[in-house]
There are 2 protein chains.
Amino acid sequence: MSALKNRRIVLAARPKGEPKDADFRLEELDVPVPEDGQVVLRTLYLSLDPYMRGRMNAARSYAKPAELNEVMPGATVSEVVESRTPRLSAGDIVLSYAGWQEYAVAPGAALMKLDPTAAPVSTALGVLGMPGMTAYTGLLNIGQPKEGETVVVAAAAGAVGSAVGQIAKIKGCRAVGIAGGEAKCSYVRDELGFDAAVDHRSPHFAAELKAACPAGIDVYFENVGGAVLKAVAPLLNDFARIPVCGLISQYNLASLPEGPDWSPALMTLTLTRRLTLRGFIVTDYASQSGDFHRDMSAWFRQGRVKHREHIVEGIENAVAAFQGLLKGENQGKLLVRF
Amino acid sequence: MSALKNRRIVLAARPKGEPKDADFRLEELDVPVPEDGQVVLRTLYLSLDPYMRGRMNAARSYAKPAELNEVMPGATVSEVVESRTPRLSAGDIVLSYAGWQEYAVAPGAALMKLDPTAAPVSTALGVLGMPGMTAYTGLLNIGQPKEGETVVVAAAAGAVGSAVGQIAKIKGCRAVGIAGGEAKCSYVRDELGFDAAVDHRSPHFAAELKAACPAGIDVYFENVGGAVLKAVAPLLNDFARIPVCGLISQYNLASLPEGPDWSPALMTLTLTRRLTLRGFIVTDYASQSGDFHRDMSAWFRQGRVKHREHIVEGIENAVAAFQGLLKGENQGKLLVRF
């Protein structure tokens, strides 16, 4: 096996603003020979997620930064092509954290074996994986949706947002999605069953959002920030909950935007409407993994939670796909198939 | 009794920015004759509180706005001078919501009789009243301070802030106060027993705050907003809690301040450090009134919670005192004695 060549993408420079092609470098190396207890993995699917933009910065965050000149980290669904552990055999499909590369050598003990007969293996990176669990734990723990309440989610056609709205429906809420463009809006409304979808690119976005939320907003699942948050804010009801999951609109900000300074308005709303804003990442709720897999797998099998994948072919297209993700060009869970 | 004259202060205009003298009007009227079930009250102490600035605006808030040309609302400790209810007798001292006036006629059923032998009656407007209960409920419910954590409170020499820091000490925390000027800081540190006090007017405020919080900040009790919040923010630890109780630095803002827009930075911190910001008002926790009175009265008697009153004499000085309150000119609970 040692003749295998691995192509990988490393972080060549920390992006300033939008990640540029030159911030990455495609390299080819030999695949290392596995040691006892290790396996050689061939990547089938690489997950591209907005959080990766944060990891490209050096700043303190909840995950440690990606290292310069090291492979970009990322979750994968991989096939075992050589095993030096009795736990796994060649041909097994596993969930791994192999990063942006075609092959990886990893300790067998850390890998979760997937059952390809239970669900398509790619769902372990989406609706039945980290994005689905992010939606589930953030909405239920922080959002605490109650029957009849209005739940608004931004980036509603994305991997997390689409799950948030569908879980809100299961919990008896009015689900309102915000997405960019009519194609995404009709997907959210007509295929996923949200009660309404509002296009944030519309010149009448704020008025349309208000019309879609006649009883105000009780839960705003925040994936976006910026102008979307500013349109949501005046509609928030007393005691509204805001799980802060992501801020994709501002990940590329190289410095604070021009004024006026809106933070006093946000703080005033927090005070006078007794809002709860809480940031989280899915690993904060790792102990709820069993609940998530039980509930979400059942909902998925029953067709109550649908999903869509946006698949790009080949590692050489990963950078462009990631750049597009930050611009909202994907619809559904973005994956690179190798 | 009908010959009594009542002097009162009404809201003459909604202030733009800082409240000006012309926004208020001192009037003299006859005291109405009480009906059955009512009492005539003579104000002993009027409480002046920062929240009153918000009520002078017409905007939606947690309390309905003060009405133009009506008496400014406010809590008082008052003496019953005439009673038409068997529940109360002339000479009784009660907690009322009589507003900025010397006399009031009120239904006897709504008044809480005070026991002048248990504690000075003025404390019912401060440490043993609404400000104390604001500190107690906000800190314990939202702040959830744990032994050994660092609790920072702004406006630390004020009625609420001074109680927050002392309760934090009782709970085994490091208490750090932020206040304006050395007199307030030494009061907070030397008389109230905070571990440290930092002057927000110091040119080295941010560095001094950092030095006072060597283990970061776990709870920031927010009374101020603005520049103080911006200095606190980078010091917040993962999973820090921020009870949002007041925003005195921005109550006079007539429009949003100039940029840059700091709100994306606040949202990023909320996300990456998994902060919890929650607005509240004391009435949200009305059901905890029994717990508060039991604990705080005991701490007060034991000398574990101290207080200070800033007393201004006479209704004709109420407007200037309130203007000073918004500038931080008081030290301790601001009261007008009639």
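Residues numbered from 1 in each chain as written. Chains lettered and ligands numbered in written order. Predicted model: local features only at pLDDT ≥ 70, side-chain atom pairs only at ≥ 80, totals over all residues.

*Asks:* I would appreciate a short explanation of the overall build of chain A in the present structure.
*Replies:* Within chain A one finds nine helices and 15 strands. For 338 residues, the compact-globule estimate of 2.2 N^0.38 gives 20 Å, and the C-alpha radius of gyration of chain A, at 21 Å, lies within 12% of that figure. Within chain A, contacts between residues at least 6 apart in sequence are counted, and of these 65% link residues at least 24 apart. (Helix = DSSP H or I, 4+ residues; strand = E, 2+ residues; numbered from the N terminus. Rg over C-alpha atoms; globule rule 2.2 N^0.38 Å. Contact = placed C-beta atoms within 7 Å.)

*Asks:* What exactly am I supposed to notice about the sheet that holds strand S9 (residues 174-179) of chain A here?
*Replies:* By way of backbone hydrogen bonds, the strands of a sheet pair with one another, either parallel or antiparallel. Overall, mixed pairing links the 12 strands, which are arranged S10(A)-S9(A)-S8(A)-S11(A)-S12(A)-S13(A)-S13(B)-S12(B)-S11(B)-S8(B)-S9(B)-S10(B) in an open sheet. The sheet terminates laterally at strand S10 (196-199) of chain A together with strand S10 (196-199) of chain B, the two strands that pair on one side only. In this sheet, neighbouring strand axes are inclined to one another by 15 degrees on average, regardless of whether the strands run parallel or antiparallel. One ladder, built from four bridges, connects S9 of chain A with S10 of chain A; its direction is parallel. Paired with Gly177 of chain A across the strands is Ala197 of chain A, a residue of S10 of chain A. Against the sheet, helix H2 (residues 130-143) of chain B makes contact with strand S8 (150-153), strand S11 (217-221), strand S12 (236-244) and strand S13 (276-279) of chain B, and its axis sits at roughly 145 degrees relative to S12 of chain B, the strand it touches most. The sheet contacts of helix H7 (residues 263-272) of chain B involve strand S12 (236-244) and strand S13 (276-279) of chain A together with S12 and S13 of chain B, and relative to S13 of chain A the element is tilted by about 60 degrees. (Pairing = 2+ DSSP bridges. Axes fitted to C-alpha atoms, helices over the stretch in contact; angles between N-to-C directions.)

*Asks:* Could you clarify how one ought to interpret the interface of chain A and chain B in this entry?
*Replies:* Often, the extent of an interface is quoted as the loss of accessible area on bringing the components together. The partner chain B presents 34 residues to the 34 residues of chain A that form the contact. Here the side of chain A that touches chain B gets nine residues from one element, more than from any other, and that element is helix H7 (residues 263-272) of chain A. Partitioning the side of chain A that touches chain B into residue classes produces 17 nonpolar, 11 polar and six charged. Bridging between S13 of chain A and S13 of chain B involves three bridges; their strand directions are antiparallel. Bridge pairing in S13 of chain B places Thr276 of chain A opposite Arg278 of chain B. (Nonpolar A, V, L, I, M, F, W, Y, C, P; charged D, E, K, R; others polar.)

*Asks:* Any chance you could explain the domain arrangement of chain A here in plain terms?
*Replies:* Residue and element names in this part refer to chain A. Its domain assignment divides chain A into domain 1 (5-126 + 308-337) and domain 2 (132-284). In this structure, domain 1 and domain 2 have C-alpha centres spaced 28 Å apart. Listed per partner, the contact involves 14 residues of domain 1 and 14 residues of domain 2. Its residues placed into classes, the side of domain 1 that touches domain 2 shows four nonpolar, six polar and four charged. (Domains from an automatic or database assignment.)

*Asks:* Explanation requested: the packing of H2 of chain B against helix H8 (residues 289-301) of chain B in the structure shown.
*Replies:* All names here are of chain B. Their axes nearest at 10 Å, the elements H2 and H8 cross at an angle of 105 degrees. Here H2 lies roughly perpendicular to H8, going by the angle between them. Contacts between H2 and H8 involve Gly132, Met133, Tyr136 and Thr137 from the former and Ser289, Phe292 and Met296 from the latter. Among the residues forming the contact of H2 with H8, the class breakdown is four nonpolar, three polar and no charged. (Parallel < 35°, antiparallel > 145°, perpendicular 65-115°, else oblique.)

*Asks:* Explain the relation of the copies chain A and chain B here, please?
*Replies:* Two chain copies here: they are related by a rotation about an axis and a translation along the same axis. Least-squares fitting of chain A to chain B yields an RMSD of 0.0 Å, with the transformation described by 0.0 Å of translation along the axis and a rotation of 180 degrees. Such values leave the two copies arranged in the relation of a two-fold axis. Taking the C-alpha atom as reference, chain A places Gly259 of chain A closest to the rotation axis, 1.6 Å from it. A shared interface surface links the copies, since 100% of the contact residues of chain A are contact residues in chain B too. (Least-squares fit on C-alpha atoms with pLDDT ≥ 70 in both.)

*Asks:* Can you help me understand helix H8 (residues 289-301) of chain A in this one?
*Replies:* All names here are of chain A. Here H8 is 13 residues long and its end C-alpha atoms lie 18 Å apart, about the 18 Å a rise of 1.5 Å per residue gives. In this fold, the buried residues of H8 make contact with helix H2 (130-143) and helix H3 (159-170). Gly303 sits one or two residues past H8 and shows a positive phi near 75 degrees. (Expected span 1.5 Å × (residues − 1).)

*Asks:* Before we go on, may I ask you to explain unusual backbone geometry in this structure?
*Replies:* Most peptide bonds are trans, and most residues other than glycine sit at a negative phi. The omega torsion across Gly259 of chain A and Pro260 of chain A is 5 degrees, close enough to zero to call that bond cis. One can find Pro260 of chain A in the loop between S12 and H7. Positive phi outside glycine occurs at Ala155 of chain A, with the angle close to 55 degrees. By the element assignment, Ala155 of chain A lies in the loop between strand S8 (150-153) and H3. Its identity is not glycine, yet Phe239 of chain B carries a phi of approximately 65 degrees, on the positive side. Looking at the element boundaries, Phe239 of chain B is found in strand S12. For Phe239 of chain B, a count of 14 C-beta atoms within 10 Å translates into the label partly exposed. (Buried ≥ 20, exposed ≤ 12 C-beta atoms within 10 Å, placed from the backbone.)

*Asks:* Sorry, what's going on with the environment of Gln144 of chain B here?
*Replies:* Residues and elements named next belong to chain B. Within the secondary structure layout, Gln144 lies in the loop between H2 and S8. Judged by the 14 C-beta atoms lying within 10 Å of it, Gln144 is partly exposed. Taking the C-alpha atoms as reference points, Gln144 and Pro214, separated by 70 residues in sequence, lie 20 Å from one another.

*Asks:* I would appreciate a short explanation of the nonpolar core in the present structure.
*Replies:* The tendency in soluble globular proteins is for nonpolar side chains to be buried as a group. Residues Val232 of chain A together with Val232 of chain B are the most contacted members of the largest nonpolar core, which totals 222 residues. Beyond its immediate sequence surroundings of up to four residues, Val232 of chain B is in contact with Val152, Leu209, Ile217 and Tyr220 of chain B. (Core = buried A, V, L, I, M, F, W, Y, C linked by C-beta atoms within 7 Å.)

*Asks:* Teacher, can you tell me more about the pairing of S13 of chain A here?
*Replies:* Remember that side chains alternate between the two faces of the sheet whenever the strand is regular. Residues and elements named next belong to chain A. Residues Thr276 and Arg278 line one face of S13 and the alternating positions Leu277 and Gly279 line the opposite face, and both faces are buried. Judged from the four bridges that link them, S12 and S13 form a sheet pairing that is parallel. Its bridge partner being in S13, Ile242 is matched across the sheet by Leu277. Running through H7, the crossover from S12 to the neighbouring parallel element S13 is right-handed. (Right-handed = clockwise from strand over helix to strand, strands pointing away.)

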